[in-house]
Amino acid sequence: MSNAIPNHWRWLTRRVWMVDGTTLSMPDTRANQIPWPQPATQAPGLGFPQCRMVGLFNLGSGALCDAAIGPQPGLEHNSGQQRLR
């Protein structure tokens, strides 16, 4: 899809990629506490498990080309770098 983008939508004829991420609150169940732990800044038993999500977008088309979901801090930075290599 990104190869079909006209050159005038590109920057110096190159495709432009964007990385964006967000954090989602997960339902507070025992099953979610293991894969998506609560933030370390919260007292035990308070708050909700958190899921981190990052996506790789083609700026010319707006298409979501890849995504990663996980619990670890730094997912947005690390996954974005790995996917752009």
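First things first, this report covers the structure right here in the doc. Just so you know, these numbers come straight off a predicted model, no measurement behind them. (Residues numbered from 1 in each chain as written. Predicted model: local features only at pLDDT ≥ 70, side-chain atom pairs only at ≥ 80, totals over all residues. Heavy atoms only, no water.)

What follows deals with the overall build of the protein chain. Helix and strand content of the protein chain: two helices and three strands. When the helices and strands of the protein chain are read in sequence order from the N terminus, they spell out β-α-β-β-α. In the protein chain, which comprises 85 residues, the proportion classed as buried is 22%. When contacts within the protein chain are restricted to residue pairs at least 6 apart in sequence, those whose partners lie at least 24 apart make up 47%. Accessible area for the protein chain stands at about 6200 Å²; split by element, carbon and sulfur atoms hold 57% of it. (Helix = DSSP H or I, 4+ residues; strand = E, 2+ residues; numbered from the N terminus. Buried < 20%, exposed > 50% of the residue type's maximum accessible area, 1.4 Å probe, protein only. Contact = heavy atoms within 4.5 Å. Areas by Shrake-Rupley, 256 points an atom, 1.4 Å probe, with all protein chains shown as cover.)

Mapped onto the secondary structure, asparagine 32 falls in helix α1 (residues 30–33). Given a relative accessible area of 13%, asparagine 32 falls into the buried group.

For leucine 12, which is not glycine, the phi torsion reads 50° and is therefore positive. Position of leucine 12 relative to the elements: it lies in the segment before β1 (17–25). One non-glycine residue, threonine 13, adopts positive backbone phi at about 65°.

Our next topic: a nonpolar patch on the surface. Side chains of Leu24, Met53 and Ile69 sit close together on the surface and give an oily, nonpolar patch of about 250 Å² of accessible area. Structurally, the position occupied by leucine 24 is in strand β1. Here leucine 24 falls in the partly exposed class, since its relative accessible area comes to 35%. (Patch = residues over 30% accessible without salt bridge, like charges linked within 9 Å, V, L, I, M, F, W, Y side chains within 5 Å. Salt bridge = Lys/Arg side-chain N within 4 Å of Asp/Glu carboxyl O.)

With that out of the way, let us pick up the sheet that holds β1. Sheet strands pair by backbone hydrogen bonding; their relative direction is either parallel or antiparallel. One open sheet accounts for three strands, arranged β1-β2-β3; its pairing is antiparallel. With partners counted over all chains shown, the strands left at the sheet margins are β1 and β3 (64–70), one partner each. Each adjacent strand pair in this sheet contributes to an overall mean axis angle of 20°, direction not counted. The sheet contact formed by strand β2 (residues 50–58) and β3 spans six bridges and is antiparallel. Counted as the bridge partner of methionine 53 is isoleucine 69 from β3. (Pairing = 2+ DSSP bridges. Axes fitted to C-alpha atoms, helices over the stretch in contact; angles between N-to-C directions.)

Turning to the side chain of asparagine 58, a few remarks are in order. Structurally, asparagine 58 is set in strand β2. With relative accessibility at 1%, the residue asparagine 58 sits in the buried group. Of note is the side chain of asparagine 58, whose polar atom sits 3.1 Å from the backbone nitrogen of serine 61. (Polar contact = N/O pair within 3.5 Å; in protein donor to acceptor, adjacent residues only side chain to side chain.)

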